[in-house]
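Chain by chain, the residues run as shown.
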Amino acid sequence: MRHRYLVCYDIADPKRLKAVFKKVQGFGDPIQFSVFKCDLSRAEKALMIGALTELVNTRTDRVMIVRLGPVDGRSDDQVEFLGSPLMSWERQRVVIV
């Protein structure tokens, strides 16, 4: 079962910040600066955490991972926006023919 996660981070070093951004982008979609929506299986979440653990400095950086619930459940109802997010919260489906 896939769950939706909100992944947020504060990274002190610009070089690490860029690396963390690229890594998290591989697992989800940016919705604000340093905030991502990630729909992950248990294995994908473990892979993401392992990859981030190698990048962050735990003395100066912080990553927050919040489970919002099953992707097919009420997870979309758990987040509200004031103003316009960087991208739509809803995943856009693309059909390739």
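Here we summarise the structure given alongside this text.

**A word on the sheet that holds strand β3 (residues 35-40)**
Working step 1: Spatially, the 4 strands line up as an open sheet ordered β2-β3-β1-β4, and their pairing is antiparallel. Looking at the sheet topology across the chains shown, the edges are occupied by β2 (29-32) and β4 (62-70). Neighbour to neighbour, the strand axes of the sheet diverge by 30 degrees on average, direction disregarded.
Working step 2: Note: strand β1 (residues 3-10) against β4, 8 bridges, orientation antiparallel. Across the sheet, Y5 pairs through a bridge with R67, a residue of β4.

**Re the packing of aromatic side chains**
Working step 1: Per the counting criterion, the structure on display carries 2 aromatic pairs.
Working step 2: Considering the side-chain rings of Y9 and F36, the 6.2 Å spacing of their centres and the 25 degrees angle between planes classify their relative orientation as stacked. Of this pair, Y9 sits in strand β1 while F36 sits in strand β3, placing them 27 residues apart in sequence.
Working step 3: The exposure class assigned to F36 is buried, which follows from its relative accessible area of 0%.
Working step 4: Each residue in the set Y9, F21 and F36 is aromatic and connected to the rest through ring pairs, giving one cluster.

**Observations regarding a nonpolar patch on the surface**
Working step 1: Nonpolar side chains collect at one region of the surface, where I49, V63 and I65 lie side by side and expose about 180 Å² of accessible area between them.
Working step 2: Along the chain, I49 falls in helix α2 (residues 42-55).

**With respect to the pattern of salt bridges**
Working step 1: Evaluation of the coordinates by the stated rule reveals 3 salt bridges.
Working step 2: A salt bridge links E44 to R2; its shortest N-O distance comes to 2.7 Å. Linking E44 in helix α2 with R2 in the segment before β1, this pair joins segments that are 42 residues apart in sequence.
Working step 3: Using a relative accessible area of 25% as the deciding quantity, one classes E44 as partly exposed.
Working step 4: Of the residues examined, R2 reaches a relative accessible area of 38% and is grouped as partly exposed.
Working step 5: Close ionic contact of R16 with D61 constitutes a salt bridge, the shortest N to O distance being 2.8 Å. In this pair, R16 sits in helix α1 (residues 14-25) while D61 sits in the loop between α2 and β4, placing the two residues 45 residues apart along the sequence.
Working step 6: Looking at D61, the relative accessible area reads 10%, which means it is buried.

About the criteria used
Residues numbered from 1 in each chain as written. Predicted model: local features only at pLDDT ≥ 70, side-chain atom pairs only at ≥ 80, totals over all residues. Heavy atoms only, no water. Pairing = 2+ DSSP bridges. Helix = DSSP H or I, 4+ residues; strand = E, 2+ residues; numbered from the N terminus. Axes fitted to C-alpha atoms, helices over the stretch in contact; angles between N-to-C directions. Phe/Tyr/Trp six-rings, centres within 6.5 Å; stacked < 30°, edge-to-face > 60°. Buried < 20%, exposed > 50% of the residue type's maximum accessible area, 1.4 Å probe, protein only. Patch = residues over 30% accessible without salt bridge, like charges linked within 9 Å, V, L, I, M, F, W, Y side chains within 5 Å. Areas by Shrake-Rupley, 256 points an atom, 1.4 Å probe, with all protein chains shown as cover. Salt bridge = Lys/Arg side-chain N within 4 Å of Asp/Glu carboxyl O.

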